[in-house]
Amino acid sequence: MTVSPLIWGITIVVILALLAFDYFFHIRKAHVPSLKEAAIWSSIYVGLAVVFGILVLVFGGAQMGSEYFAGYITEKALSVDNLFVFLIIMASFRVPREDQQKVLLFGIVFSLIARTGFIFLGAALINSFAWVFYIFGLILLLTAGNLLKPGDHGDDQANNFIIRVAKKLFHTTDKYDGDKLFTMVNGKRALTPMLLVMVAIGGTDILFALDSIPAIFGLTQNVFIVFTATAFSLMGLRQLYFLIDGLLDRLIYLSYGLAAILAFIGVKLILHALHENNLPFINDGEHVAVVEITTGLSLSVIIGTLIITVALSLLSPAGKAQTAINNARRHAVDYLDLDYTADANERERIYRALTAEEAQIVQMPLKYRNKAKDVDKIREQVAEAHRQHEAFLNR
């Protein structure tokens with residue numbers, strides 16, 4: 001189905017209006033969103049995405065509707081995985097919790113711009129060169145393989161090449177000045193960590209787009225569906241961050257589920273490339289008779305894989321232990337370094353979270369507690385947090 005310029009225009013205006021609303025009514029005044037606020041607005045944005053999908057289903061037909069929902073669910077799952085890296089970056093830069101919303105909104109806007117560029121570039125390549133499907137398929141298979149590799153989840157993302165160059169070429173400071181991007185230090189204009197963290201987020205957004213755009217093109221080549229599914233998957237990501245902050249580490253099998261989904265879509269793309277083949281060194285440039293995977297099957301595999309992945313993660317005793325230990329380590333480190341925030345309630349919030357996580361850890365079997373990486377160091381950090389809290393109360 002061909003989408004008219006009028007529909008394109010209305011859709012873009014709606015998306016821009018949602019971003020403007022998010023900024024002027026939630027972000028402009030720095031604050032830490034409550035769990036209730038994050039839950040309500042996350043639900044609203046998911047609801048809007050579902051309503052839009054129903055409209056596509058009604059006016060565009062079953063094929064177009066199923067392609068939208070398959071793309072939206074896949075992109076949303078990849079976006080949740082991206083939150084792991086956002087969490088690491090903001091922890092590394094010690095972004096004040098009340099200013100994290102602004103950083104996240106910038107990341108969402110930049111991601112939308114970057115992915116829109118990749119979408120139209122990808123569409124142009126696909127229309128001109130059918131062999132691009134081979135490349136997209138291989139990218140997804142390689143990405144799936146990388147997700148299966150053991151190791152830390154993006155620990156060097158905050159110290160990427162752009163940040164190192166910026167620190168060498170420009171006058172920078174390690175101190176925040178509210179949410180300002182520039183400040184004065186010793187009479188000189190300096191870049192604040194707020195600007196640097198936005199650069200780090202923007203750089204990783206470009207890397208994320210290299211994975212996500214081939215994935216959704218593997219489900220549909222309709223540019224309108226690709227754009228809207230990508231855009232709505234990014235809407236509400238800021239609220240989702242605060243809603244599931246602390247539970248991200250609990251999804252210990254998410255990378256395996258995403259690897260399976262990306263590998264599945266990669267195979268689907270390569271099969272489609274063989275079906276459309278015109279490369280002379282493959283079957284003498286003739287189309288190859290292969291089974292093509294339907295959108296309905298793709299949607300079933302994506303939803304089924306995510307349900308199994310999330311269920312196994314949430315029910316796993318190892319996942320529960322890892323979540324509590326990682327969160328205890330994070331809150332202990334945050335408590336020992338509270339000069340990054342101006343929020344007076346932050347000290348008590350972090351300490352309450354730390355003691356709650358300790359109570360969970362004590363009730364867990366010893367075999368899970370001892371599996372944690374650097375467990376002795378974590379115990380030292382927690383003990384030091386308790387000492388500092390005691391000193392704070394007695395001063």
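### Overview of the pattern of salt bridges
Applying the stated criterion to the full structure yields three salt bridges. Salt-bridge contacts for Asp22 lead to Arg238; the nearest nitrogen and oxygen are separated by 2.6 Å. Here Arg238 lies in helix H9 (residues 237-244) and Asp22 lies in helix H1 (residues 5-27), a separation of 216 residues in the sequence. This pair shows no difference in class: Asp22 is buried, exactly as Arg238 is.

### A short note on the packing of aromatic side chains
Here the structure, examined in full by the defined rule, presents 14 aromatic pairs. Each ring, one from Phe21 and one from Trp41, has its centre 5.4 Å from the other, and the planes form 45°; the classification is tilted. Placement of Phe21 in helix H1 and of Trp41 in helix H2 (residues 35-60) is noted, with a sequence separation of 20 residues between them. Taking relative accessible area as the criterion, Phe21 reaches 31% and is therefore assigned partly exposed. Pairing Tyr253 with Tyr256 gives two aromatic rings, centres 6.3 Å apart and planes at 50°, and the pair type is tilted. Overall, the relative accessible area of 31% leaves Tyr253 in the partly exposed class.

### Examining the environment of Val56
Counting through the fold element by element, Val56 comes out in helix H2. In the structure, Val56 is positioned ten residues away from Ser66 in sequence and 9.0 Å away in space, judged by C-alpha atoms. Excluding residues that lie within four positions of it along the chain, Val56 makes contacts with Gly61, Met64, Gly65, Tyr68 and Ile225.

### With respect to unusual backbone geometry
Positive phi, close to 55°, is recorded for Asn283, a residue that is not glycine. Note that Asn283 resides in the loop between helix H10 (254-275) and helix H11 (295-315). Under the relative-accessibility criterion, Asn283 is labelled partly exposed at 42%. One non-glycine residue, Asp284, adopts positive backbone phi at about 55°. Inspection of the secondary structure assignment puts Asp284 in the loop between H10 and H11.

### Describing the environment of Ser92
For Ser92, the position within the fold is in helix H3 (residues 62-92). Taking the relative accessible area as the measure of exposure, Ser92 reaches 49% and is therefore partly exposed. Put simply, Ser92 and Val197 are 105 residues apart on the chain and 9.1 Å apart in space, counted from C-alpha to C-alpha.

The rules behind the values
Residues numbered from 1 in each chain as written. Predicted model: local features only at pLDDT ≥ 70, side-chain atom pairs only at ≥ 80, totals over all residues. Heavy atoms only, no water. Salt bridge = Lys/Arg side-chain N within 4 Å of Asp/Glu carboxyl O. Helix = DSSP H or I, 4+ residues; strand = E, 2+ residues; numbered from the N terminus. Buried < 20%, exposed > 50% of the residue type's maximum accessible area, 1.4 Å probe, protein only. Phe/Tyr/Trp six-rings, centres within 6.5 Å; stacked < 30°, edge-to-face > 60°. Contact = heavy atoms within 4.5 Å.

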